[in-house]
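# Architecture at a glance
One-letter residues, chain by chain:
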Amino acid sequence: MAYTKEDIIRMVKEQDIEFVRLQFTDIFGQLKNVAITASQVERAINNEIMFDGSSIEGFTRIDESDQCLYPDLDTFVVFPWRPSHGKVARLICDVYNPDGTAFDGDPRGVLKRVIKKAEAMGYTSFNVGPEAEFFLFQTDEEGKPTVKTNDEAGYFDIGPLDHGEGTRREICMNLEQMGFEIEASHHEVAEGQHEIDFKYADALKTADNIMTFKLGVKIIAQKNGLHATFMPKPIFGINGSGMHTNMSLFRDGKNVFYDPDGPRKLSKECYSFIAGLLAHVQGMAAITNPLVNSYKRLVPGYEAPCYLAWSASNRSALIRIPASRGQSTRVELRSPDPACNPYLELAVCLAAGLDGIEKGLTPPEEITENIFAMDAAARDAAGIDSLPGSLEEAILALEADPLILNTLGEHVATNYIHGKRREWDEYRTRVSSWEREKYIINY
């Protein structure tokens, strides 16, 4: 939907909208907003709303704090979960400096830069379909989250086993009112774990959709007395939550990953894209798997991919090529988790794939056997490397990958690494309940 400024002013008036949330995302993937009343909408769409960037972690210093919000008019939508009187709408914004230049630390701007590079290489669209998983937990009498699910369901089960089914249905209905096309919704492997898949779109719209999706899931869950979390591994011993990312490149309406005459009906560009992902996936890990907790999911035995390999069917591989061909040909990266900043995640995925295409890289041979069943010697013999085993290892891999650092830009890379090092140090020096239970009596 392409809206003009006049459209926005008219819709705010006609639909009795009283508040508009001007939303943006910080470098760590947290959604922020400045709320304005309807009377200020004209100022907003003329890019006249400012905020204090020094209050946002990783944005600006206190001595250069003023920043401007430039709404993307096409992102205008009314929140369906708000009351019908005094409606609330939102606009997703780009962050600019007061002099009218784009702010280097805006994650949406990082993704836009890589999309421009793809366009310069002749690719008219980078389409992405995410599969974001989440848990629904019960809350206690104070409304704080527990890790109880009251749910004994498994993969694709339905009620009465699936106690989150009603909430999941309500989430789907609300998202559809906001323009999402919901393709599938089901219970996942673990108790209390769910997945809602929405239709692919170009990368920028998909990143916007992921942020809206996470907000909607949390709000509807809270309305129903539940807590939704996109934490990658909330409970030991059961599957964690991933966000498999399906990607395809298009040129003039045609999927360039498809070649009816190529091996497995995949094009040379597709193979080079896969090779680019494999070449940079360790350096990308601090972006695609951004938390200390992310690396509790990336361990063998819980369906999460930890080994650098690709396959046309093997789900133990990091990169899988789903069976569909023609316009639906796509590359599925299985390592990302839903805690990531989607703008940065899609930016580094696209940059890595384009690097593979530019350099004409060739991926290693397809791995068809179950990598989880291999021992270390067998993996070494097959040349299968691993993802970083901790956030600390991921930070070091990021610092050693010039392409990923350059994709993020100096501002984002420096502030992101600084924030993640602080997070790792806080974790590393904290005494856990596991340590107390293990050592306090015996020692």
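Report on the accompanying structure. (Residues numbered from 1 in each chain as written. Predicted model: local features only at pLDDT ≥ 70, side-chain atom pairs only at ≥ 80, totals over all residues. Heavy atoms only, no water.)

Attention now moves to the overall build of the chain. Looking only at helices and strands, the chain has 13 helices and 16 strands in total. Here the C-alpha radius of gyration of the chain, 22 Å, is about what a compact globule of 443 residues would show, namely 22 Å. Dimensions of the chain along its principal axes, counting C-alpha atoms only, are 65 × 60 × 50 Å. Looking at the chain alone, contacts between residues at least 24 apart form 70% of all its contacts between residues at least 6 apart. Of the accessible surface of the chain, which amounts to about 20,100 Å², a share of 50% is contributed by carbon and sulfur atoms. Of the side-chain charges in the chain, 46 are positive and 66 negative, and the distance between the mean point of each set is 1 Å. (Helix = DSSP H or I, 4+ residues; strand = E, 2+ residues; numbered from the N terminus. Rg over C-alpha atoms; globule rule 2.2 N^0.38 Å. Contact = heavy atoms within 4.5 Å. Areas by Shrake-Rupley, 256 points an atom, 1.4 Å probe, with all protein chains shown as cover. Lys, Arg positive; Asp, Glu negative; His and termini not counted. Charge placed at Lys NZ, Arg CZ, Asp CG, Glu CD.)

Attention now goes to the pattern of salt bridges. A complete count under the given rule lists 18 salt bridges for this structure. In this structure, the salt-bridge partner of lysine 144 is glutamate 142, at a minimum N-O distance of 3.5 Å. Its relative accessible area of 60% is what places glutamate 142 among the exposed residues. With a shortest N-O distance of 3.3 Å, aspartate 425 and arginine 428 are connected by a salt bridge. Pair noted here: aspartate 425 and arginine 428 are both in helix α12 (residues 410-429), with a separation of three residues, about one helical turn. (Salt bridge = Lys/Arg side-chain N within 4 Å of Asp/Glu carboxyl O. Buried < 20%, exposed > 50% of the residue type's maximum accessible area, 1.4 Å probe, protein only.)

Two faces, one strand: in a regular strand the side chains alternate between the faces of the sheet. Within strand β12 (residues 243-251), eight of the nine residues are buried, leaving the element largely enclosed by the surrounding structure. Bridge count for β12 against strand β16 (residues 331-333) is three bridges, and the pairing is antiparallel. Looking at the pairing, methionine 247 lines up with valine 331 of β16. Note that β12 and strand β13 (residues 254-255) share two bridges and pair antiparallel. Note on β13: the bridge partner recorded for phenylalanine 250 is asparagine 255. With antiparallel pairing between neighbouring strands as the criterion, β12 and β13 make up a hairpin whose turn holds two residues, including aspartate 252 at a positive phi of roughly 50°. (Pairing = 2+ DSSP bridges.)

Attention now goes to the nonpolar core. The tendency in soluble globular proteins is for nonpolar side chains to be buried side by side. One finds Leu249 and Ile319 to be the most contacted residues of the largest nonpolar core, which totals 65 residues. Excluding anything up to four places from it in sequence, isoleucine 319 contacts Ile274, Leu277, Leu278, Ala309, Trp310, Ser311, Val331, Glu332 and Leu333. Formed by 25 residues, the second largest nonpolar core is a distinct cluster that contains Met178, Ile196, Ile210 and Met243. (Core = buried A, V, L, I, M, F, W, Y, C linked by side-chain atoms within 4.5 Å.)

Turning next to the pairing of strand β7 (residues 125-138). Of all 14 residues in β7, 13 are buried, a share of seventy percent or more. In this structure, β7 lies alongside strand β11 (residues 226-229), joined through four bridges in antiparallel fashion. Looking at β11, one finds that phenylalanine 137 is bridged to histidine 227.

Another aspect to go through is the layout of surface pockets. Taken as a whole, the second largest pocket holds about 620 Å³ of empty space. Forming the boundary of the second largest pocket are 29 residues, of which Asp74, Met178, Gly179, Lys205 and Asn209 lie nearest the centre. For the lining of the second largest pocket, the elements supplying multiple residues, two or more each, are β5 (77-78), β6 (87-96), β10 (201-202) and α5 (203-223). With five residues, the single largest contributor to the lining of the second largest pocket is α5. The residue makeup of the lining of the second largest pocket, split by class, is 14 nonpolar, six polar and nine charged. (1 Å grid on protein atoms, 1.4 Å probe; cavity = no way out; pocket = protein on both sides within 12 Å on 5 of 7 lines; lining within 4 Å. Points joined across faces, edges and corners; volume = space filled by probe spheres on them. Nonpolar A, V, L, I, M, F, W, Y, C, P; charged D, E, K, R; others polar.)

What follows concerns the packing of helix α10 (residues 391-399) against α12. Where α10 contacts α12, the two axes come as close as 10 Å, and the packing angle between them is 160°. Taken together, the axes of α10 and α12 are roughly antiparallel relative to one another. Where α10 crosses over α12, the handedness of that crossing is left-handed. Each of Leu391, Glu392, Ile395, Leu396, Leu398 and Glu399 in α10 lies in contact with α12, whose residues at this interface are Tyr416, Ile417, Lys420, Arg421, Glu423 and Trp424. Counted by class, the contact of α10 with α12 contains seven nonpolar, no polar and five charged residues. (Axes fitted to C-alpha atoms, helices over the stretch in contact; angles between N-to-C directions. Parallel < 35°, antiparallel > 145°, perpendicular 65-115°, else oblique. Left-handed = near helix turned anticlockwise from the far one by under 90°.)

Attention now goes to helix α8 (residues 342-359). Taking 1.5 Å of rise per residue, the 18 residues of α8 would be expected to cover 26 Å, and the 26 Å separating its terminal C-alpha atoms lies within 8% of that figure. Buried residues dominate α8, accounting for 16 of its 18 residues. Put simply, asparagine 341 is the residue that caps the front of α8, since its side-chain oxygen is 3.0 Å from the backbone nitrogen of tyrosine 343. (Expected span 1.5 Å × (residues − 1). Polar contact = N/O pair within 3.5 Å; in protein donor to acceptor, adjacent residues only side chain to side chain.)

On to helix α3 (residues 107-120), then. Between its first and last C-alpha, α3 extends 20 Å over 14 residues, near the 20 Å set by a 1.5 Å rise per residue. Looking only at α3, the buried set comprises Pro107, Arg108, Gly109, Val110, Leu111, Val114, Ile115 and Ala118. Of the surrounding secondary structure, the elements contacted by the buried residues of α3 are β1 (17-25), β6, α5, α8, α11 (402-408) and α12. Looking one or two residues beyond α3, the residue adopting positive phi is glycine 122, at roughly 100°.

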